[in-house]
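Chain by chain, the residues:
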Amino acid sequence: MTTRKGDTTMTDLSNAIALVGDAGARTSAPARPAMFEREVLVRFAHCDPAGIVFYPQYFVLLNGLVEDWLADGLGTSFADMILTRRLGIPTVRMDCTFTRPSRMGDALVLGLTVTRIGESSIGLDVQGRVGDELRLRARQTLVTMDLETMKSVPIPADIRDGLGRYCQPVPEIAPDGLSLPADGNRRATDGGKHAD
């Protein structure tokens, strides 16, 4: 990702990746994987009458992934953020592609990486797999928000400090002739026929 001149709200992803690489070079331990993952059992409650995951349930599962990532990956309790600090981290954008159905009983592995770090926003690349088969892929944008004023606020230092270890460049999502670059804005690749 390239930061535009004068754009003070973006952290250059290559700098974050370089920082992670430098930290890994100074230690003898193997580098930590950039993707945060959780395995979820697909349950009856996730499925529609056809026995496959009803797509809104994926969003519930992905929110659980973010909660786990904040707690286990970044060391920040989601409950403490909301109830004590009065800080929310809502999803303001989600672009999702469902590639194959998931069925009751599947062990769905959900994973996320950080693709962009802004002043108050965090871009994520999220995926769900069963074995080696991709089931869903999404680009998600979270924004840190003061729950009293309902306005965005800068990412708190304790959260920002942990983001770099999950930074990873990811391939573009390009369903149906559209590309989705790191800034999240679609661009037509077919002469504008399918442009938003």
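Above this text is the structure in question.
What you are looking at is a predicted structure, and each value in this text was computed from that prediction instead of being measured. (Residues numbered from 1 in each chain as written. Predicted model: local features only at pLDDT ≥ 70, side-chain atom pairs only at ≥ 80, totals over all residues. Heavy atoms only, no water.)

1. Regarding the overall build of the chain
Test applied: Segments assigned H or I by DSSP are reported as helices when at least four residues long, segments assigned E as strands when at least two residues long, and all are numbered from the N terminus. The buried label applies to any residue whose accessible area, calculated with a 1.4 Å probe on protein chains only, is under 20% of its type's maximum; exposed applies above 50%, and partly exposed to all values in between. In this analysis, two residues are considered to be in contact whenever any of their non-hydrogen atoms come within 4.5 Å of each other. The Shrake-Rupley method, run with a 1.4 Å probe sphere, supplies the accessible areas, and residue values consider only the shown protein chains as cover.
When you go through the chain residue by residue, the secondary structure sums to four helices and ten strands. In the chain, the succession of helices and strands from N to C terminus is α-β-α-α-β-β-β-β-β-β-β-α-β-β. Relative to its 196 residues, the chain shows a buried fraction of 39%. Excluding contacts between residues fewer than 6 apart, the proportion of contacts in the chain whose partners are at least 24 apart in sequence is 66%. Counting only carbon and sulfur atoms, one obtains 54% of the accessible surface of the chain, whose full area is about 10800 Å².

2. So, the nonpolar core
In a soluble, globular protein the nonpolar side chains are often hidden away together inside. Here is the rule we go by: To define a nonpolar core, start from buried Ala, Val, Leu, Ile, Met, Phe, Trp, Tyr and Cys residues and group those joined through side-chain atoms within 4.5 Å.
Residues Trp69, Leu112, Val114, Ile122, Leu124 and Leu163 are the most contacted members of the largest nonpolar core, which totals 35 residues. At seven residues, helix H2 (residues 55-73) tops the list of elements feeding residues into this core.

3. Topic: the sheet that holds strand E7 (residues 145-146)
In plain terms, the rule: Any two strands with at least two DSSP bridges between them are considered paired.
Spatially, E2-E7-E8 is the arrangement adopted by the three strands of the open sheet, whose pairing is antiparallel. Either end of the sheet is taken by a strand with one partner, and the two such strands are strand E2 (87-88) and strand E8 (151-152). Inspection of the sheet shows E7 paired to E8 by two bridges, in the antiparallel sense. Its bridge partner being in E8, Met145 is matched across the sheet by Ser152.

4. Description of a nonpolar patch on the surface
Spelled out, the test is: Here, patches come from residues exposed beyond 30% relative accessible area and free of salt bridges, joined within 9 Å for like charges and within 5 Å for nonpolar side chains (Val, Leu, Ile, Met, Phe, Trp, Tyr). A carboxyl oxygen of Asp or Glu within 4 Å of a side-chain nitrogen of Lys or Arg is what we treat as a salt bridge.
A contiguous nonpolar surface patch, about 390 Å² in accessible area, is contributed by Phe54, Tyr55, Phe59 and Phe98. Tracing the sequence through the fold places Phe98 in strand E3 (residues 91-98).

5. Let's talk about the pairing of strand E5 (residues 121-130)
Of all ten residues making up E5, nine are buried, and the element is well covered by its neighbours. As paired elements, strand E4 (residues 107-117) and E5 share eight bridges and run antiparallel to each other. When the sheet's bridge partners are listed, Gly111 is paired in E5 with Gln127. Hairpin connection, E4 to E5: the antiparallel pair is bridged by three residues. Between E5 and strand E6 (residues 133-143), which pair antiparallel in sequence order, lie two residues; one of them, Gly131, sits at a positive phi of approximately 65 degrees.

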